[in-house]
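Listed below are the residues making up each chain.
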Amino acid sequence: MTPFPYFILMAMCSPIALNAILPALPDIAQQLGIDSSTVQLNYSLYLAALALGQFSVGAVIARLGNRSTILLGISFFVVGGLIALATEQLFFMLLGRVLQGIGGAFTLSMSRALLVASYGGKRASQKMGYLVMAIALSQGIAPLMGGSLNTHIGWQAIFALSAFQGTILLFFSLKLIQPAAQKPAKLPLKMLLSHYMSLIRLPSFRHYAMANTLIALCFYLFISASPYLTKDLSDNRLAYGYWFILVSGAFMLGGYLSTLFNKRLALDKSIQLGNRLCVLGATALLILQLGMPMSFASLFLPMSVITLGRGISQASYQSAAIATADKLSGMASGLLGFLQLSFGAIFSQIVPLLIDLHPHTIAFAILACTLLATVTHRNIQAMK
C-alpha cells in the first residue's frame, strides 16, 4: 500500500508552484523591464496549462496508464521549473510555467486517482478531506514562502524550490508506483469530446458549473490583483504572505463547516448560505474600498468572508453538478475543474488592465460575480 504522506506531497506541489510566485511578480516586472500585464502571464498561463492538463489527463491515463502518466507529469513539472530557473528571458520563463502547469495538473489529478486505487473507495473518502486540507494549507503558505525566498535570495529561488519538490516526488514515484498488470483500455478522442458536450447540454449541470465558476473567479480576481494593490503598503516584504494565510484559513474553515452543514441541510441550502456570505463579503469589500484608504485589513478581511462562503458552497456546488451527470461523474468532475481554471486564467490576465483603469474596479467585479452566481443558482431552483 502506498504511504499516505506520498499523496500529500503530490497534491501540494502544484498549489505551491502556482501561488509562491505571486509576491515576486512586481519585482520580476521591474527586473525584466516589463509591464504588469506581461508579468501576469506567469500566473495566468500556469492556470491555463492547469486547466488544459486537467481536461486531458483522463485521455492520457487511458493511453499510458497511471504510472507512466504520473512520471510524465512530474517530469514536465521538474523540467518546467529548471527552464524558468535557468533563464531571465520572458519566453523561456513562460514556457517553463506552462510545463509546470501541465505537470501540476497531472499530479493533482493523479493524487486523487492513486489514493482511491491504493486505499479503496471507503477509506479513500475518509482520507480525501486531509488531501483537500493539505492543498488549502499549501495555497496559504505558498505566498509567504515565495515572499521569503524573493526577499532573502531572489525570485529565481522560487523556481528552484519547485524543481526540488518535483525531484523528490519523482524519486518516490519511481520506488512506490508499480506498473499496471494490464494495458489500459483506450477511449477514442471523438467519444471523449462527445461525452463532454453531452454534459454541457444538461441544463442543471451547466448552471451549477457556471455558478461554481463565478464564485471561484472572486478568488482568482483577488489573488491576481492583491500583489499590485498592496506592494506599497508596507516595508515588510512578507506582510502579504502573512495576511494571505487568513484567506486560506477561512477557506479551510468553510470546507470544514460544509461537512457539518451537509449532514443536516440539502445541498442547495448549503449553497444559499455560502452565496449569502460571498455577497456580504463582496459588499463589505466594495464599501471599504470606496470609504477608506487602501490597507491590508480593508482587502483581506472582507475577502476572508468571501472565501469562507466559497468554502461552504464549493463542495455542494460540485456534488450537485456531478450528481446530474449520472454515469459521466468522473468526466463531470474534470470538466468542472477545467471551466473553473480556464476562466480563472482569462480573468487573471485581465486584472492588470482593470487596475490601470481604477483599483476599485476589482471590488466591483468581485461583487458582480457573487451576485451573478446567486441569480444563477436561483434559476436552478426555479427549474426544479
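Residues numbered from 1 in each chain as written. Predicted model: local features only at pLDDT ≥ 70, side-chain atom pairs only at ≥ 80, totals over all residues. Heavy atoms only, no water.

> What's the story with the overall build of the protein chain in this structure? I'm lost.
A count of helices and strands for the protein chain gives 15 helices and zero strands. Computed over the C-alpha atoms, the radius of gyration of the protein chain is 20 Å, within 12% of the 21 Å expected from 2.2 N^0.38 for a compact globule of 384 residues. If you line up the protein chain on its principal axes, its C-alpha atoms span 60 × 55 × 35 Å. Burial status across the protein chain gives 52% buried among its 384 residues. When contacts within the protein chain are restricted to residue pairs at least 6 apart in sequence, those whose partners lie at least 24 apart make up 86%. Surface summary for the protein chain: the accessible area is close to 16,700 Å², and the carbon and sulfur share equals 67%. (Helix = DSSP H or I, 4+ residues; strand = E, 2+ residues; numbered from the N terminus. Rg over C-alpha atoms; globule rule 2.2 N^0.38 Å. Buried < 20%, exposed > 50% of the residue type's maximum accessible area, 1.4 Å probe, protein only. Contact = heavy atoms within 4.5 Å. Areas by Shrake-Rupley, 256 points an atom, 1.4 Å probe, with all protein chains shown as cover.)

> Which parts of the structure should I look at to understand the packing of aromatic side chains?
The description of an aromatic ring pair uses the distance of the two centres, along with the angle that the planes make with each other. For the coordinates displayed, the defined rule picks out 12 aromatic pairs. Ring pairs connect the aromatic residues Phe 219, Tyr 220, Phe 222, Tyr 240, Trp 243, Phe 244, Phe 296 and Phe 300, which therefore count as one cluster. (Phe/Tyr/Trp six-rings, centres within 6.5 Å; stacked < 30°, edge-to-face > 60°.)

> Looking at this structure, how should I read the side chain of Asp 268?
Position of Asp 268 among the secondary structure elements: in helix 12 (residues 267–291). Classification of Asp 268 by relative accessible area gives buried; the value is 14%. At 2.8 Å, the side chain of Asp 268 forms a polar contact with the side chain of Tyr 208. (Polar contact = N/O pair within 3.5 Å; in protein donor to acceptor, adjacent residues only side chain to side chain.)

> Looking at this structure, I do not really get the confidence of the model for the protein chain. What am I missing?
Do not read the fine detail of predicted coordinates wherever pLDDT is low. Per-chain confidence: the protein chain averages 86 in pLDDT, with 93% of residues scoring 70 or above. Within the protein chain, helix 9 (residues 189–200) has the poorest average pLDDT of any element, 75, and helix 12 the best, 94. (pLDDT = per-residue confidence, 0-100.)

> Before we go on, may I ask you to explain the side chain of Ser 162 in this structure?
By the secondary structure assignment, Ser 162 is in helix 8 (residues 156–176). Judged by its relative accessible area of 2%, Ser 162 falls in the buried class. Residues contacting Ser 162, with those up to four places away along its chain left out, are Ala 17, Phe 77 and Gln 100.

> Is there a simple way to think about the environment of Ile 158 in this case?
Relative to the elements of secondary structure, Ile 158 occurs in helix 8. Counting along the chain gives 143 residues from Ile 158 to Leu 301, while the straight-line C-alpha distance between them is 27 Å. Sequence-distant contacts of Ile 158, defined by excluding residues within four places in its chain, comprise Ala 20, Ile 21, Ala 24, Gly 146 and Leu 149.

> Looking at this structure, I do not really get helix 5 (residues 66–86). What am I missing?
Because an α-helix packs 3.6 residues into every turn, residues spaced three or four apart end up facing the same way. Taking 1.5 Å per residue, 21 residues should reach 30 Å; helix 5 reaches 30 Å between its end C-alpha atoms and fits that length. Those residues of helix 5 lying buried are Thr 69, Ile 70, Leu 71, Gly 73, Ile 74, Phe 77, Val 78, Gly 80, Gly 81 and Ala 84. (Expected span 1.5 Å × (residues − 1).)

> Please clarify how the packing of helix 12 against helix 13 (residues 296–323) should be interpreted in this entry.
A pair of packed helices is characterised by two quantities: the angle between their axes and the separation of those axes. Remark: helix 12 packs on helix 13, axes separated minimally by 8 Å, with the N-to-C direction vectors making an angle of 160°. The orientation of helix 12 relative to helix 13 falls into the category roughly antiparallel. Pair helix 12 / helix 13 crosses with left-handed handedness. (Axes fitted to C-alpha atoms, helices over the stretch in contact; angles between N-to-C directions. Parallel < 35°, antiparallel > 145°, perpendicular 65-115°, else oblique. Left-handed = near helix turned anticlockwise from the far one by under 90°.)

> Could you clarify how one ought to interpret the state of the cysteines in this entry?
Here a disulfide denotes one covalent bond, and it connects the sulfur atoms of two cysteines. The full count for this structure, using the stated rule, is zero disulfides. Here Cys 278 is not disulfide-linked; the sulfur of Cys 218 is the nearest cysteine sulfur, at 6.1 Å. Given the relative accessible area of 0%, Cys 278 is considered buried. (Disulfide = S-S within 2.5 Å.)

> What is the right way to look at the packing of helix 1 (residues 4–19) against helix 8 in this model?
Across the interface, helix 1 lies against helix 8 with an axial gap of 10 Å and an inter-helix angle of 155°. Taken as axis vectors, helix 1 and helix 8 run roughly antiparallel relative to one another. Judged by the sense of rotation from one axis to the other, the crossing of helix 1 with helix 8 is left-handed. The segment helix 1 lies against helix 8, with Tyr 6, Leu 9, Met 10, Met 12, Cys 13, Ile 16 and Ala 17 engaging Leu 161, Ser 162, Gln 165, Ile 168, Leu 169, Phe 172, Ser 173 and Leu 176. When its residues are assigned to classes, the contact of helix 1 with helix 8 shows 12 nonpolar, three polar and no charged. (Nonpolar A, V, L, I, M, F, W, Y, C, P; charged D, E, K, R; others polar.)

> Explain helix 2 (residues 25–32) here, please?
Taken together, the buried positions of helix 2 are occupied by Leu 25, Pro 26, Ile 28 and Ala 29. Viewed along the axis of helix 2, the buried residues span an arc of 165°, placing them on a single side of the element. Just downstream of helix 2, Gly 33 is the residue with a positive phi angle, here 70°. (Arc of directions from axis to C-beta.)

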